[in-house]
Amino acid sequence: MRAEIHYLDNPEVFRVNQLPAHSDHAFYYSREELQAGENSLLQTLNGSWKFHYSINSEKRPSEFYQENFSSDDFDEITVPGHIELAGYDKIHYINTMYPWEGHLFRRPAYSLDGKNPAEGSFSQTDYNPVGSYLKTFDLEPGLLGKRVVISFAGVEQAMYVWLNGKFIGYAEDSFTPSEFDLTPYIREKANVLAVEVHKRSTAAFLEDQDFFRFFGIFREVTLYAKPDIHVEDLWAKPYLKEDNASGSLEVELKMSYLEMPGEVRVVLQDGQGNVCYDQVEEIAEQVHLMPVDISSVTPWHYQSPYLYTLMIEVFDKAGRLIEVVPYKLGFRRIEIKDKIILFNGERLILNGVNRHEWSAKGGRCISREEMEADMGTILENNINAVRTSHYPNQIPWYYLCDENGIYVMAETNLESHGSWQKMGQVEPSWNVPGSIVQWREAVVDRARTNFEVFKNHTSILFWSLGNESYAGDNIEAMNRLFKEKDTSRLVHYEGVFHNRKYEDTISDVESRMYATPEEIIEYLEHEPKKPFILCEYMHDMGNSLGGMKSYMDLLDRYDMYQGGFIWDFIDQALFVTDEITGGRVLRYGGDFDDRPSDYEFSGNGIVFADRTQKPAMQEVRYFYGLYK
Amino acid sequence: MDYTNNDGKQPEEVLQLIYGDCALGIHGKDFHYIFSYQFGGPESLVIDGREWLYRVPKPTFWRATTDNDRGNKFSLKSGMWLSADMFIDCIGIKVFVDTKEIELPLAPVNNRYSEQEKAREVKIKYTYQTITVPATIVEVEYVVSISGEIKVTVHYHGKTGLPELPVFGMRFIVPTKAVKYRYEGLSGETYPDRREGGIPGIYEIEGLPVTPYLVPQDCNVHVATKWLEVYRNTTLNNSVKQENSFGLRFSGVDQDFAFSCLPYTSEELENATHQEELPPARRTVISILGAVRGVGGINSWGADVEPPYHIDAGKDISYSFSVLKL
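Residues numbered from 1 in each chain as written. Chains lettered and ligands numbered in written order. Predicted model: local features only at pLDDT ≥ 70, side-chain atom pairs only at ≥ 80, totals over all residues.

### Points about the overall build of chain B
Applied cut-off: Runs of E in the DSSP output that reach at least two residues are strands. Runs of H or I that reach at least four are helices, and both are numbered from the N terminus. The size measure is the radius of gyration over C-alpha atoms, and the globule rule it meets is 2.2 Å times the number of residues to the 0.38 power. Counting other C-beta atoms within 10 Å of its own, a residue is labelled buried from 20 upward, exposed at 12 or fewer, and partly exposed in the gap between, with every C-beta atom placed from the backbone. Two residues form a contact once the distance between their C-beta atoms, set from the backbone, is within 7 Å.
Helices and strands together make up the secondary structure of chain B, namely 4 helices and 21 strands. Taken against the 2.2 N^0.38 rule, which gives 20 Å for 326 residues, the C-alpha radius of gyration of chain B at 21 Å falls within 12% of a compact globule. Projected onto its principal axes, the C-alpha positions of chain B cover 70 × 45 × 35 Å. Out of the 326 residues belonging to chain B, those deemed buried represent 43%. Within chain B, counting contacts between residues at least 6 apart in sequence, those at least 24 apart form 68% of the total.

### Regarding the overall build of chain A
The helix and strand tally for chain A stands at 9 helices and 39 strands. Taken against the 2.2 N^0.38 rule, which gives 25 Å for 628 residues, the C-alpha radius of gyration of chain A at 24 Å falls within 12% of a compact globule. Along the first, second and third principal axes, the C-alpha set of chain A runs to 70 × 65 × 55 Å. Looking at chain A as a whole, 52% of its 628 residues are labelled buried. Pairs at least 24 apart in sequence give 74% of the contacts found in chain A among residues at least 6 apart.

### What about the interface of chain B and chain A?
Where we set the bar: Residues are grouped as follows: Ala, Val, Leu, Ile, Met, Phe, Trp, Tyr, Cys and Pro are nonpolar; Asp, Glu, Lys and Arg are charged; every other residue, Gly included, is polar.
On the chain A side, the residues contacting the 34 residues of chain B number 33 residues. Here the residues of the side of chain B that touches chain A are counted per class, giving 11 nonpolar, 15 polar and 8 charged.

### Let's talk about unusual backbone geometry
Cis geometry marks the peptide bond from A:Ser389 to A:His390; its omega dihedral reads -10°. Cis geometry marks the peptide bond from A:Trp567 to A:Asp568; its omega dihedral reads -15°. As for its position among the elements, A:Asp568 is in the loop between strand E37 (561–567) and strand E38 (574–577). Positive phi outside glycine occurs at A:Asn164, with the angle close to 50°. Relative to the assigned elements, A:Asn164 resides in the loop between strand E9 (158–163) and strand E10 (166–171). Taking the number of C-beta atoms within 10 Å as the measure of exposure, A:Asn164 has 18 and is therefore partly exposed. The residue B:Thr99 is not glycine, and still its phi comes out positive at about 70°. Relative to the helices and strands, B:Thr99 resides in the loop between strand E7 (88–97) and strand E8 (100–102).

### Regarding the sheet that holds strand E16 (residues 229–240) of chain A
All names here are of chain A. The condition that has to hold: DSSP-based pairing: two strands are paired if at least 2 bridges between them are found. Axis geometry follows a simple rule: fit a line to the C-alpha atoms, using only the stretch in contact for helices, then measure angles between N-to-C directions, giving values from 0 to 180 degrees.
Spatially, the 3 strands line up as an open sheet ordered E16-E17-E20, and their pairing is antiparallel. In this open sheet, the two edge strands, each paired with only one partner strand, are E16 and strand E20 (286–294). The mean angle between the axes of side-by-side strands here comes to 15°, regardless of whether they run parallel or antiparallel. Pairing geometry for E16 and strand E17 (residues 247–257), over 11 bridges, is antiparallel. The residue of E17 that forms the bridge with Asp233 is Lys254.

### Some thoughts on the nonpolar core
Put simply, the rule reads: What we call a nonpolar core is a set of buried Ala, Val, Leu, Ile, Met, Phe, Trp, Tyr and Cys residues whose membership is set by joining through C-beta atoms within 7 Å.
Counting residues in each nonpolar core, the largest one holds 254 residues, and the members touching the most others are A:Met159, A:Ile217, A:Val408, B:Cys261 and B:Leu289. Setting aside residues no more than four positions away along its own chain, A:Ile217 makes contact with A:Val79, A:Pro80, A:Tyr133, A:Phe152, A:Val155, A:Val195 and A:Val197.

### Brief notes about the packing of helix H3 (residues 368–380) of chain A against helix H4 (residues 395–404) of chain A
All names here are of chain A. For clarity, the cut-off: Here a crossing is taken to be left-handed if its near helix is turned anticlockwise relative to the far helix by less than a right angle, and right-handed if that turn runs clockwise.
Relative orientation of the contacting elements H3 and H4 amounts to 30°, with a least axis distance of 11 Å. The two elements H3 and H4 meet at a crossing, and its hand is right-handed. Residues Arg368, Met371, Met375 and Leu379 of H3 lie in contact with H4, whose contacting residues are Pro396, Trp397, Leu400 and Asn404. By residue class, the composition of the contact of H3 with H4 is 6 nonpolar, 1 polar and 1 charged.

### Some details on the domain arrangement of chain A
Residue and element names in this part refer to chain A. Put simply, the rule is: Domain start and end points were adopted from an automatic or database domain assignment.
Entries for chain A in the domain assignment read domain 1 (5–226), domain 2 (229–329), domain 3 (347–570 + 605–626) and domain 4 (573–603). Here the C-alpha centroids of domain 1 and domain 4 sit 27 Å apart. Between domain 1 and domain 4, the contact holds 9 residues from the first and 11 residues from the second. Among the residues forming the side of domain 1 that touches domain 4, the class breakdown is 4 nonpolar, 3 polar and 2 charged.

### Some words on the sheet that holds strand E10 (residues 121–130) of chain B
Residues and elements named next belong to chain B. The strand order across the open sheet formed by 10 strands is E8-E7-E10-E11-E12-E21-E18-E17-E14-E15, and the pairing between neighbours is antiparallel. Either end of the sheet is taken by a strand with one partner, and the two such strands are E8 and strand E15 (200–206). Adjacent strand axes in the sheet meet at a mean angle of 20° when their direction is disregarded. As paired elements, E7 and E10 share 9 bridges and run antiparallel to each other. Within E10, the residue paired with Ile88 across the bridge is Thr130.

### Digging into the pairing of strand E12 (residues 191–198) of chain A
All names here are of chain A. In terms of residue burial, E12 counts as a mostly covered element, since 8 of its 8 residues are buried. Burial of the side chains of E12 extends over both faces: Asn191, Leu193, Val195 and Val197 are buried on one face and Val192, Ala194, Glu196 and His198 on the other. Here strand E6 (residues 130–137) pairs with E12 via 8 bridges, running antiparallel. When the sheet's bridge partners are listed, Val130 is paired in E12 with His198.

### Quick look at the confidence of the model for chain B
Put simply, the test is: The predictor reports its confidence for every residue as pLDDT, a score running from 0 up to 100.
Here chain B shows a mean pLDDT of 95. Residues at 70 or above account for 96%. For this predicted complex, the interface score ipTM comes out at 0.95, alongside a pTM of 0.97.

### Topic: H3(A)
All names here are of chain A. We count it as follows: Multiplying 1.5 Å by the helix residue count minus one yields the expected span of that helix.
Between its first and last C-alpha atoms H3 spans 18 Å; for 13 residues at 1.5 Å apiece the expected length is 18 Å, and the two agree. Its buried side turned inward, H3 meets strand E29 (385–387) and H4. Positive backbone phi, at 65°, marks Asn382, one or two positions downstream of H3.

### Some words on the packing of helix H5 (residues 440–454) of chain A against helix H6 (residues 473–485) of chain A
For any two helices packed against each other, the geometry is given by the interaxial angle and the distance between the axes. Residues and elements named next belong to chain A. Note the cut-off: Orientation categories follow fixed angle ranges, with anything under 35 degrees roughly parallel, anything over 145 roughly antiparallel, 65 to 115 roughly perpendicular, and all other angles oblique.
Contact geometry for H5 and H6: axes closest at 9 Å, N-to-C directions at 30°. In terms of orientation, H5 and H6 fall into the roughly parallel class. Crossing of H5 over H6 shows right-handed handedness. Only Asn474, Ile475, Ala477, Met478, Leu481, Phe482 and Lys485 of H6 make contact with H5, whose side of the interface consists of Arg440, Val443, Val444, Ala447, Arg448 and Phe451. Its residues assigned to classes, the contact of H5 with H6 shows 9 nonpolar, 1 polar and 3 charged.

### Digging into the pairing of strand E25 (residues 334–337) of chain A
Residues and elements named next belong to chain A. Summarising the sheet, E25 and strand E26 (residues 340–343) pair through 4 bridges and their orientation is antiparallel. If you follow Glu335 over to E26, its bridge partner there is Leu342. Hairpin connection from E25 to E26: 2 residues lie between these consecutive antiparallel strands, with Asp338 at a positive phi of about 50°.

### Concerning helix H8 (residues 548–557) of chain A
All names here are of chain A. To keep things clear, this is the line we draw: Throughout, the arc means that of the directions going from the helix axis to the C-beta atoms.
Met548, Tyr551 and Leu554 are the residues of H8 that are buried. For H8, the buried positions fall inside an angular range of 120° around the axis, keeping them on one side. Across H8 from its buried face, at more than 90 degrees, point the exposed residues Asp556 and Arg557. The elements touched by buried residues of H8 are helix H7 (517–524), strand E36 (532–539), E37 and helix H9 (617–626).

Dropping the structure here:
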């Protein structure tokens, strides 16, 4: 199979040969490795790669994936990282406008009259930079002789992959893992991996988030080997019963195997190591362990994030242990009763914050230490919820939320703001995804991936369909997907506010952004259909966050007002060396000759870009502390 | 009036007055103040030999535009106050000695006085007229008592037709940068609509921090303050090589006040698009405020600050505070 450059232009092509999305469980070769925290099945490909930058696809070294290609004139680049921050392409911040505003006239394929496929829109254009990455590697011993998969945790925005001269696949959706099976082409020594990353594709219409517009391999790249019998997917469904003291556990597994499989043993242990569930089942491609009652469980919630350990042990026919899968789970229950969101039976109050992944050093390439620092700040200031605005975050973040009892609104990677709102006015004449059939699968796939990867995280209470993308049949289809897949969580989307036609089929909650206290009262006083939350409020740009009391008072007045998420956690600004003083300074939109821009609108955090807390934080700590 | 007693004890402390041609000097035990006629305000407050004024204090009407102000076009509506903040005319001066108004002692009226003029209390009242359209009046009274304490009473005359104020108060520019300040009030940076989380206490702030918002803007206001002490260890006096820390105290009179203590004026902050564009910090700008507009937060592209936290320029604003040595 040959890679086709016009994938970039076609909204119906967004994954080619990609492995199906699956749960983010870790897996180990043995109990010993699990205990030691080592994993011989993994091999990182982070680090130095060879790299070439081209301004458009026509100028790219299109044969660079060939094994005999001479890459002598390639540079070196560090993976993960943004290509712009490595100095190749202009750094650009822009909010709602598409980044080509004023430079290029573009309409999404099949928008307006529904007929124009907009061929060449991204593949034949003067400016659509390409990063050509090459990595040569030998397989580490733990991976030898096994099925080998490559996992890209995040690549912005469209990616072609080759191994040893063979086309492996293509992926979009910048913020979820893209995985490909390398087994047919991989060898022990001197593998040549070629990754061609395009700054923009049709995905650009779906990734119009209010942030710096970067491209490149900005999250980790990992090879993993599958043991011969492997848990491909895990869906553990712990259920907390109405009494908040007992529960049940249902487990579904998807398995793959190269040899005769034996049994799988699934054990759940509480925090003290007591076994409260122990099931054995014969391995098949689908293993379904029907719900089993657990007489006594400790619920998981904010300030008491009690987690159980699920341990899956996979045996072959001879009874040898082949694979070990641990996963931490909590028992909790979220539901709507009498138009009120209940968490473990009590009215839920969201003392939340929106969080972009951000580092003043690395952009959206953030470290484990930065995540932990953020979690510390969140806990210190009585924040109980995070919306992953506006895309799936790095996987470790969800584990941190599980462990720390932070409620998560898990947002799908979707924002098409510039396609329906122009200069502040609703103008959806060429909105995507809208109801355009050719755009449906691309967004449904994003929802599916979000669900499949993160479904086991106790911390996730809401699936969010995305941000500011208007409403149409396609977002309705995303809503339907989550509802079909997962009855245990709520679905959130704000955009129906702008298109009430879909209010009965999209979103379990009435969600608004920046509604005034009076507007909230107006809704709640007039036969409200759904509980009300603010997916964004208290816009903390610069010296702001005044008047929070007016919102918090509503919590006492209306049970159906259930709080919200402050906009937002961290200022988006970048450290640069001041050209005049030589000092380290923070720069924002427009500081890189990037035009058009929305300038300082990138900085709305309750922490500064260097992660120090803004003075307004004491107000957050106080009010959220009152409603813990 | 005779300020010496007749029973042979130490002379009672009094204020010595120097009726200059251009300024009124007031001398006390460890202080010397000069109230200028030509510059329309106190020109010198020397305490224990150290100067506390760089230029005469004036009323202040402007805060550096916050992102929220910009978003809701507050600056477009109230920008008139920016020029009022920079340029203001002193249109009247009155002097009261021991509560009695005297003929303004400009030359040659002052020829009637001697080198032995004394008083228990002197009040100098400056009247300012803004360059706004319509114009309005601000009166500032300085009452100097024997101890050297200065009671400052500020009265803004509301005027219909003027746009809402961002802030109102008195701005003191001190010759050198402070090393720290202490105050009794609320923790952190607080505004009328963002003060619930402030914890009452006594706080000491090292250096003269400017809150590093991406775009420099009004910052470090502290509402509900009982007193403020500002400490320095430098002067501009070339004959003094080294100084120990010395301070000045502002106290609310009958009511709390708001303040900010920064190395910059609101105009300096207003002009910078980044922190690094601010000039080197070399002075201390102390704003003792009688009214502060809230910061808002509903959004940053149009929503106004909530109504209770606006400053209606049509209404009078009055407040008092005292200035004294530490």
